[in-house]
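Close look at the chain arrangement
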Amino acid sequence: MNKRALMLLLPALILSGIVFLLPFLWLFVTSFRVQGEGSLLMAEGFSAANYARLVSDSYFAEVFFRTMWMSAAATVISLVIALPMARQIAVSAGRAKGLLLALILVPLVSGALLPTLGMLHLLGPLGVINSILKDFGLTTKSVKFLGTVPGVIIGLVQAFLPLMLLPLVNALSRLPKDVEAAAETLGAPTHIVWRRVILPLVAPGIIAGSVLVFCASLTSFVTPQILGQGKIATFGTMAYQQASLVLDWPFASAVAVVMLAILALGLAVGSLALKLLARRPA
Amino acid sequence: MAEKRAPDHLVIQKVMKNYGGSEPALKSVSLNVRKGEFLALLGPSGCGKTTLLKIIAGLEKATEGQMALAGEGLDAIPTYKRDIGIVFQSYALFPHMTVDANIRFGLDMRGIKGDEADQRIAEVLELVKLEGLSGRMPNALSGGQQQRVALARALVIRPKLLLLDEPLSNLDAVLRKSVRVDIRELHERIGLTTVMVTHDQEEAMSMADRVAVMANGYVLQHDTPETIYEHPASAFVATFVGSPPAILLPVEKTPDGYGIGGTAFMPSKTLSVAIDLQNGKPVLLGLRSDRLSFADQAGPLTITGEVHSSEYIGGSWLVHVALGEHRIAVPTRAKPPQFGEAVHIRIDEAETLLFDPDTGAKVALP
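Because the structure is a prediction, the values reported are computed rather than measured.

Some details on the sheet that holds strand E2 (residues 26-34) of chain B
Residues and elements named next belong to chain B. Pairing is antiparallel in the open sheet, where four strands are placed in the order E2-E1-E4-E5. Looking along the sheet, the strands with just one partner apiece sit at the ends: E2 and strand E5 (72-73). Alignment of strand E1 (residues 8-17) against strand E4 (residues 64-69), held across five bridges, turns out to be antiparallel. If you follow Gln 13 over to E4, its bridge partner there is Gln 66. Seen against the sheet, helix H1 (residues 49-57) touches E1, E2 and E4 and runs at an angle of roughly 120° to E1.

Considerations on the packing of helix H2 (residues 49-56) of chain A against helix H12 (residues 249-278) of chain A
Residue and element names in this part refer to chain A. The N-to-C vectors of H2 and H12 enclose an angle of 65°; their axes lie 9 Å apart at closest approach. It follows from the interaxial angle that H2 and H12 lie roughly perpendicular. H2 and H12 meet at a crossing whose hand is right-handed. Touching Asn 50, Tyr 51, Arg 53 and Leu 54 of H2 are Pro 250, Phe 251, Ala 254, Val 255, Val 257 and Val 258, all from H12. Looking at side-chain class alone, the contact of H2 with H12 contains eight nonpolar, one polar and one charged residues.

Focus: the domain arrangement of chain B
Many structure descriptions define interface size as the accessible area lost when the parts assemble. All names here are of chain B. Looking at the assigned domains, one finds that chain B contains domain 1 (8-234) and domain 2 (247-355). Look at where the C-alpha atoms of domain 1 and domain 2 centre, and you get two points 41 Å apart. Counting from both sides, the interface comprises six residues of domain 1 and, opposite them, six residues of domain 2. For the domain 1 and domain 2 pair, buried surface summed over both sides reaches about 470 Å², with 48% attributable to carbon and sulfur atoms. Sorting the residues of domain 1 by area buried against domain 2 places Tyr 229, Glu 230 and Pro 232 first, and these three jointly supply 85% of that buried surface. Inspection of the domain 1/domain 2 interface yields one salt bridge. Taken together, the links from domain 1 to domain 2 amount to two residue pairs in polar contact (both at pLDDT 80 or more). Grouping the constituent residues of the side of domain 1 that touches domain 2 by class yields four nonpolar, one polar and one charged.

Describing the interface of chain B and chain A
On the chain A side, the residues contacting the 24 residues of chain B number 21 residues. Counting the surface lost from both chain B and chain A, the interface buries some 2000 Å², and carbon and sulfur atoms represent 68% of this. Here Asp 108 of chain B and Arg 196 of chain A are joined by a salt bridge, their closest N and O atoms 3.0 Å apart. Per-element accounting of the side of chain B that touches chain A gives the leading share, five residues, to helix H2 (residues 99-109) of chain B. A class-by-class count of the residues in the side of chain B that touches chain A yields 16 nonpolar, five polar and three charged.

Some points on the confidence of the model for chain A
Of all residues in chain A, 98% attain a pLDDT of 70 or more, and the chain-wide mean is 89. The least confident element of chain A is helix H4 (residues 97-109) of chain A, whose mean pLDDT is 85; the most confident is helix H8 (residues 179-185) of chain A, at 95.

Thoughts on the layout of surface pockets
All names here are of chain A. Quantified by volume, the largest pocket comes out at close to 470 Å³. As for the largest pocket, its lining consists of 18 residues, and the residues nearest its centre are Arg 87, Val 91, Glu 180, Ala 181 and Glu 184. At the level of elements, helix H3 (58-92), helix H7 (149-173), H8 and helix H9 (190-219) are the ones that each hand at least two residues to the lining of the largest pocket. Residue composition of the lining of the largest pocket, grouped by class: ten nonpolar, three polar and five charged.

Details of the sheet that holds strand E6 (residues 84-87) of chain B
Whether parallel or antiparallel, the strands of a sheet pair through hydrogen bonds between backbone atoms. All names here are of chain B. Strand order in the open sheet made by the six strands is E6-E7-E8-E3-E9-E10, with mixed pairing throughout. Two strands lie at the open edges of the sheet, namely E6 and strand E10 (218-223), each paired on one side alone. The mean inter-strand angle of the sheet, taken between neighbouring strand axes irrespective of direction, is 20°. Direction of pairing for strand E7 (residues 161-165) relative to strand E8 (residues 194-198): parallel, over a ladder of four bridges. Looking at the pairing, Leu 164 lines up with Met 196 of E8. The strands that H1 touches are strand E3 (38-42), E6, E7, E8 and strand E9 (210-215); relative to E7, the one it contacts most, it runs at about 150°. Packed on one face of the sheet, helix H4 (residues 143-155) meets E6 and E7 and runs near 175° to E6.

Scoring rules and cut-offs
Residues numbered from 1 in each chain as written. Chains lettered and ligands numbered in written order. Predicted model: local features only at pLDDT ≥ 70, side-chain atom pairs only at ≥ 80, totals over all residues. Heavy atoms only, no water. Pairing = 2+ DSSP bridges. Helix = DSSP H or I, 4+ residues; strand = E, 2+ residues; numbered from the N terminus. Contact = heavy atoms within 4.5 Å. Axes fitted to C-alpha atoms, helices over the stretch in contact; angles between N-to-C directions. Parallel < 35°, antiparallel > 145°, perpendicular 65-115°, else oblique. Left-handed = near helix turned anticlockwise from the far one by under 90°. Nonpolar A, V, L, I, M, F, W, Y, C, P; charged D, E, K, R; others polar. Domains from an automatic or database assignment. Buried area = accessible area lost by both parts, 1.4 Å probe. Salt bridge = Lys/Arg side-chain N within 4 Å of Asp/Glu carboxyl O. Polar contact = N/O pair within 3.5 Å; in protein donor to acceptor, adjacent residues only side chain to side chain. pLDDT = per-residue confidence, 0-100. 1 Å grid on protein atoms, 1.4 Å probe; cavity = no way out; pocket = protein on both sides within 12 Å on 5 of 7 lines; lining within 4 Å. Points joined across faces, edges and corners; volume = space filled by probe spheres on them.

Structure representation (C-alpha cells):
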C-alpha cells in the first residue's frame, strides 16, 4: 500500500480502532474476569469461570439453542417469502424497480424500534390481526403472539426480510439472458427450470441473504425484547439483562464473546459454501 | 419450380401479436416451411422476426392465429413439450454446467440416460467438431465454441424443428463467413427443418432455401433468394436485399421525354409505356449497380449524368455519377472518366424494376 492510500485510510482506521477494536478487546479481556463475592467490582486474576458457567448451566444452554433455532427459522421463512418477491421485482418491475428497492430499504434504515412497536399493535391481543381473525370467525379467543416464540420469529422476519431480499433481487436480476427459455425449450417444465437452472445460479445470493438474516437475528435485541415481553430470552436479551440488570459485566461479556464467535462461524460457513459453489463440477 | 416440393412441415396461419402498444408487433403473418427446408426470416430490427421465432418456440403467446408442426396444432402445447430446438443469440448456455451437462440436459428431460445418452452426446459433439471439450465449462470456451455447444445442445434432442436466432451476430467477421458455411453444410447433412432469424441480408440469401422478408410486422415476400433478388415484390425488398442493394430513382416526365433528377433518361418502348400508364405520376426506377455499364452515347435505356468521384476497388473502379441530387455507382474495368465529365449509363431492361412511389408496390411491365 502506498503512502497516499494509507493517509486516506488513516481516519477510518483510527476511528474503527477506537470505537470497535478497543471495546471489543476490552470485552474479550473482561469475559475472563469474575466479580468479587458480594461486590460489583471485579476480583483479581483471570479465569474461565464465566464460560464454564455458560456451558454447565442448563438455562443458558436452553437460551443458546432457542436463539439458534429461532434465527434459523427466521432465515428459512425469510427465504421462502423473499424468493417470489425478489423474482417479481427482478423480472417484471421495470421502471418501478427503483421505487420498490427503496421501499424495501425503509424498514432497514428506520431502525429496529419503530417497526417493532408497530408490530406490537399488529400482534397484540386486541391488535389488528386478532380482530381480523375474530371478524372472520376463525377464532373466538385472541391468539397469543406477544411473549411467544412464533411472535418473536414474525418480528425477526419483518425486521430482517430486506437483508434477504436485496441479495436475491441482485442475483435474480443478473441471471444470464435466455437460460430459462433455453431450459424450457429443451423440455424442462417450470419447477425443473427453477431447480436445475435458476436456484443453482442464484445460490450465491441465497447464501449471502441467509448469512445476513441469520446473523442479524442471532444478535438482535430490540425485537425479542419487545415482542418477547421478557418471556423469550435470547442471546441479546440475556447479555442486556446480565449487563444492565444483574450488573455482572464479566458474564455479559462472555455471552457477547460467544455470540460473536457464532457470528464469525456463520460467516465462515457462508463463505465456505460460496467457495465450494464456485468450483463445483456440474 | 422444377424441384419436387416437400410437404409443409411448419404452417403459420394469420399469426398476430400485440404487446399492448398501439401497433401490433406482428400483423397477420402466414408462412409455411417445407420439410427439410432452411427458411430465413429477414428484416430490420423491430420488424417482428424475433417475436415470430419466440411464438413458434412457445416463449411468447400469439394474440391471434394458429400454428401447426408436422400436422399437429402447436397452440395448446407448452414450450417444454414442443420438441423445438433453439439456438439463442446469446447462446444461453447454462454457466454452472459443463459442456457435457449442458448437452445432456435435454436428454435428461426425455428420460434418456446411460449408454444411449453418452452415444448421442458423442455424436453431436463430433457433428459440431467439439470432441474433447465435453468437460469444459462454458466460460472457458471461445465465442465460436460456445455457439457450437448451443447448437449441439439443440440438436441432441433430435428436434422436429431447429430455430436459430441471429446465430452469427456475436461472432467476429472472419468467423462469421466460415460458420455460415458450416451451418449450411450441417443443414445439408442432417436435413433438419430450420428457421433462422437474421437482419443480415447476405446471411439470409447465402444460407437459406427460402427467405421471408419482413418489415413492420408483415411478411413482404416469401420466396427463394434468387426470386427475391431478381423480382423483388416491393421497393422495400429491392432496397433491403442484395449487395449492393437497389437504388431507387424517381422518373418524371419532362417536355422532351423523361428525366431523373433533371438529367435526361431514355427509356425503352415498354418502359415508357409502363411509365405513361401511371397517368403522370412519377415512377421509381430500381437499379442495382452491378447491372449497370457505361455507354458511348445516349440512346434507348440510357441515363445521362455527371461524374462525381471514383474509387478503385481492386481490378475495377466504382464511378459515382450524379443525376441531379441522386447518386448512382457504376462499375467499370476501364480507366474511369474524369470529374465533371458527362457520361451515359446503360441499364439492362431485363433487370429493370419499377415501383409505385406512394405504396412501394411493384409496377408491372406491359
